[in-house]
Amino acid sequence: MNAPFTHPLVDVQPPIDAVVAGLDLDRRQRARLRALYHAIRAVRPAVLRWREARGRAFDLAAAVRERPRQPLEIPGTRRRETDGGHYLSRDEVAGFARNGFTAPFEVITAAEARDLREQVYALHGSGWGGRTFLGPDIQRALEQTGAWSVNNAGLYQALAQPCIRELHASPRVGDRLASLLGEEVVLWRTQFFEKKPGAVGSFWHQTSDFSEDSTQAAFEPPPALPLALGNLTAWIALDDYTPETGCLRFVPGSAADDRLDAAMRAIQGDRTGFLFSLSDAELLQALTIRDYTTGLFAPLQFIFEVTCRAAPDLLRDTPPLDMPMRAGQGVIFTSMCVHGANGNQKTERTYLASVGRYTAADTKMYVGQTELPFRTGAGVFSFPTAPLATIPVHAAQGQIPRAQATPPDRPQLRRAAGV
Ligand SMILES: O=C(O)CCC(=O)C(=O)O
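The structure contained in this document is the topic of the report that follows. (Residues numbered from 1 in each chain as written. Predicted model: local features only at pLDDT ≥ 70, side-chain atom pairs only at ≥ 80, totals over all residues. Heavy atoms only, no water.)

## Some points on the pattern of salt bridges
Pairing between side chains of opposite charge can happen when the charged atoms of each approach one another. The final tally for this structure, using the stated rule, is 22 salt bridges. We note a salt bridge from arginine 44 to aspartate 280, for which the minimum N-O separation is 2.5 Å. On the criterion of sequence distance, the pair formed by arginine 44 in helix H2 (residues 27-53) and aspartate 280 in helix H13 (residues 280-292) is long-range, its members being 236 residues apart. Across the salt bridge formed by aspartate 270 and arginine 51, the nearest N and O atoms sit 2.3 Å from each other. One end of the pair, aspartate 270, is in the loop between helix H11 (259-269) and helix H12 (271-277); the other, arginine 51, is in helix H2, and 219 residues separate them in sequence. The class of arginine 51 is buried, set by a relative accessible area of 6%. By sharing partners, the salt bridges in this structure join Glu66, Asp257, Arg259 and Asp313 into a single network. (Salt bridge = Lys/Arg side-chain N within 4 Å of Asp/Glu carboxyl O. Helix = DSSP H or I, 4+ residues; strand = E, 2+ residues; numbered from the N terminus. Buried < 20%, exposed > 50% of the residue type's maximum accessible area, 1.4 Å probe, protein only.)

Written as structure tokens, this is what we have:
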């Protein structure tokens, strides 16, 4: 048995043993899990010896050994004081470099946010005009498990839906991003975070490469771009968010400590080695999470706990910050700033945020990947990268004219480089 997990950041959501204990598994599922667990334990000593002899032992502690914290160098030079527009001020840029996120700013009015929210649910109700990006196998699997939600069907919809594209290509977002990333900024993915009543929220995570269900990075930024600027996210509230309704949470300054991301990359790079390296209690948790949970909450929480056992000082010094926002407001943050979100366990209403992922235009997307894997509750399937394109949101000449943010089959929407 592991000692019960305690950490200052595990203050709102339950630790993973409570999540696993709360799963409603039937006798057949429990028997299957135990059989798998005992089979792995039986072969584990031989597998570990074999890997050790070939220099292929999985060593999470080595992957998360502490290294010097890197200050964040900001390549973007546009500032509100000199360039006007919606660029960030010098103080705001300094605040971003220190914390990893901006303060909330208005992208659209609260009334516009309400209208957009209605449009999004109308689009979802009508099947997004027949245009979704995950392909029929994934859609079928998600429908079977009741998970064909706005979160999944809504992935990449800026490519098909002008209302989402306009929100995320708005100069209010694009100018601010240019203050950080430099002149040429592209939007490479949009998605929704919907929190239904009872939603548990998102557990602490950081990512430099959005490998997600793949073993490969989603993108390769140019070498000059700092790791923490490989992806910037604009998270835009379409409802009022408070700690009770699922607002974002950040660990200020945590982008300078990349150990949680390093752990994730080590695990993605050698999942078998990771599984065989676990203690008995962790192994049972890992198998249960892999086979009987959906979404990212439980895997992220599990990896957080395992990483903290390998690096006991990880993220213990800085208290987390809740980021309440009004409908229509957005924040920009680096996905290397450790972040999560509260759940929606006290209200009867669904809360929705629209989220854009951005990078520098010379970042290469999906290198060598014609398909991306996607984990559903009914197995892992793939969807093609061919329809995915980046959308320019800021260019050296200034803002991208509205007309240019057009559907992906028009030539001016550049294909992501390197596909
Ligand atoms: O809204 C959430 O629950 C989490 C959002 C998040 O993790 C992200 O946008 O990267």
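Next comes the rest of the account.
## A short note on the pairing of strand E14 (residues 391-395)
Across the 5 residues that make up E14, a large majority, 5, are buried. Summarising the sheet, strand E2 (residues 185-195) and E14 pair through 3 bridges and their orientation is antiparallel. The residue of E14 that forms the bridge with valine 186 is proline 392. (Pairing = 2+ DSSP bridges.)

## With respect to the packing of aromatic side chains
Applying the stated criterion across every chain, the model contains 16 aromatic pairs. Plain terms: the ring middles of tryptophan 188 and phenylalanine 219 are 5.3 Å apart, the flat faces sit at 70 degrees to each other, and that makes the pair edge-to-face. Within this pair, whereas tryptophan 188 is found in strand E2, its partner phenylalanine 219 is found in strand E4 (residues 219-220), the two being separated by 31 residues in sequence. Relative to phenylalanine 302, the ring of phenylalanine 274 has its centre 6.2 Å away and its plane inclined at 65 degrees; by these criteria the two rings are edge-to-face. Here phenylalanine 274, found in helix H12, pairs with phenylalanine 302, found in helix H14 (residues 297-310); they are 28 residues apart in sequence, far enough to count as distant. In terms of burial, phenylalanine 274 and phenylalanine 302 fall into one category: buried. Chaining the aromatic ring pairs together yields one cluster made of Phe5, Phe203, Phe297 and Phe304. Taking the ring centre of phenylalanine 105 as reference, the NZ or CZ of arginine 176 above it sits at 4.0 Å. (Phe/Tyr/Trp six-rings, centres within 6.5 Å; stacked < 30°, edge-to-face > 60°. Lys NZ or Arg CZ within 6 Å of the ring centre and 35° of its normal.)

## Describing unusual backbone geometry
One non-glycine residue, phenylalanine 210, lies in the positive phi region at around 50 degrees. Within the element layout of this structure, phenylalanine 210 appears in the loop between strand E3 (202-205) and E4.

## Some thoughts on the nonpolar core
Membership of the largest hydrophobic core comes to 82 residues, with the highest contact counts inside it found for Tyr156 and Trp235. Looking at this core, the element that brings in the most residues is strand E10 (residues 351-360), giving 6 residues. When near neighbours in sequence (up to four residues on either side) are disregarded, tryptophan 235 contacts Phe193, Lys195, Tyr241, Leu248, Met325, Gln329, Gly330, Val331, Phe333, Ala353, Ser354 and Val355. Phe58, Val251, Ala263 and Leu275 belong to the second largest nonpolar core, which has 41 residues in total. (Core = buried A, V, L, I, M, F, W, Y, C linked by side-chain atoms within 4.5 Å. Contact = heavy atoms within 4.5 Å.)

## A closer look at the site of the ligand
Taken together, Phe193, Lys195, Ser202, His205, Trp235, Leu248, Phe333, His339, Ala341, Val355 and Arg357 make up the full set of residues near the ligand. Contacts to the ligand include serine 202, whose side-chain N or O atom sits 2.5 Å from an oxygen atom. Histidine 339 is positioned such that a nitrogen or oxygen atom in its side chain is 3.0 Å from an oxygen atom of the ligand. Alone, the ligand offers 290 Å² of accessible surface; in the complex the protein occludes 97% of this. Of all the secondary structure elements, the ones that give two or more residues to the shell around the ligand are E2, E3, strand E9 (339-341) and E10. Residue composition of the shell around the ligand, by class: 6 nonpolar, 3 polar and 2 charged. (Near = heavy atom within 4 Å. Polar contact = N/O pair within 3.5 Å; in protein donor to acceptor, adjacent residues only side chain to side chain. Areas by Shrake-Rupley, 256 points an atom, 1.4 Å probe, with all protein chains shown as cover. Nonpolar A, V, L, I, M, F, W, Y, C, P; charged D, E, K, R; others polar.)

## Observations concerning the packing of H13 against H14
The contact between H13 and H14 brings their axes to 10 Å, and the two run at 160 degrees. The angle between H13 and H14 places the two elements in the roughly antiparallel class. The hand of the H13/H14 crossing is left-handed. On H14, the residues that touch Glu282, Gln285, Ala286 and Ile289 of H13 are Ala298, Pro299, Phe302, Val306 and Arg309. (Axes fitted to C-alpha atoms, helices over the stretch in contact; angles between N-to-C directions. Parallel < 35°, antiparallel > 145°, perpendicular 65-115°, else oblique. Left-handed = near helix turned anticlockwise from the far one by under 90°.)

## Structural notes on the sheet that holds strand E7 (residues 321-323)
Read from one edge to the other, the open sheet built from 4 strands follows the order E3-E9-E6-E7, with strand pairing classed as antiparallel. Here the strands that pair on one side only, and so sit at the sheet edges, are E3 and E7. In this sheet, adjacent strand axes meet at a mean angle of 25 degrees when their direction is disregarded. Examined bridge by bridge, strand E6 (residues 248-250) and E7 share 3 bridges and lie antiparallel to one another. The partner of leucine 248 across the bridge, within E7, is methionine 323.

## Side note on the state of the cysteines
For the coordinates displayed, the defined rule picks out 0 disulfides. Between cysteine 247, a free cysteine, and cysteine 337, which holds the nearest cysteine sulfur, the sulfur-to-sulfur gap is 14 Å. (Disulfide = S-S within 2.5 Å.)

## Things to note about the layout of surface pockets
Its volume calculated, the second largest pocket comes out at about 400 Å³. Looking at the lining of the second largest pocket, the elements that each hand over two or more residues are helix H1 (16-21), H2, H13 and H14. Taken together, the residues that form the lining of the second largest pocket break down as 13 nonpolar, 3 polar and 5 charged. (1 Å grid on protein atoms, 1.4 Å probe; cavity = no way out; pocket = protein on both sides within 12 Å on 5 of 7 lines; lining within 4 Å. Points joined across faces, edges and corners; volume = space filled by probe spheres on them.)

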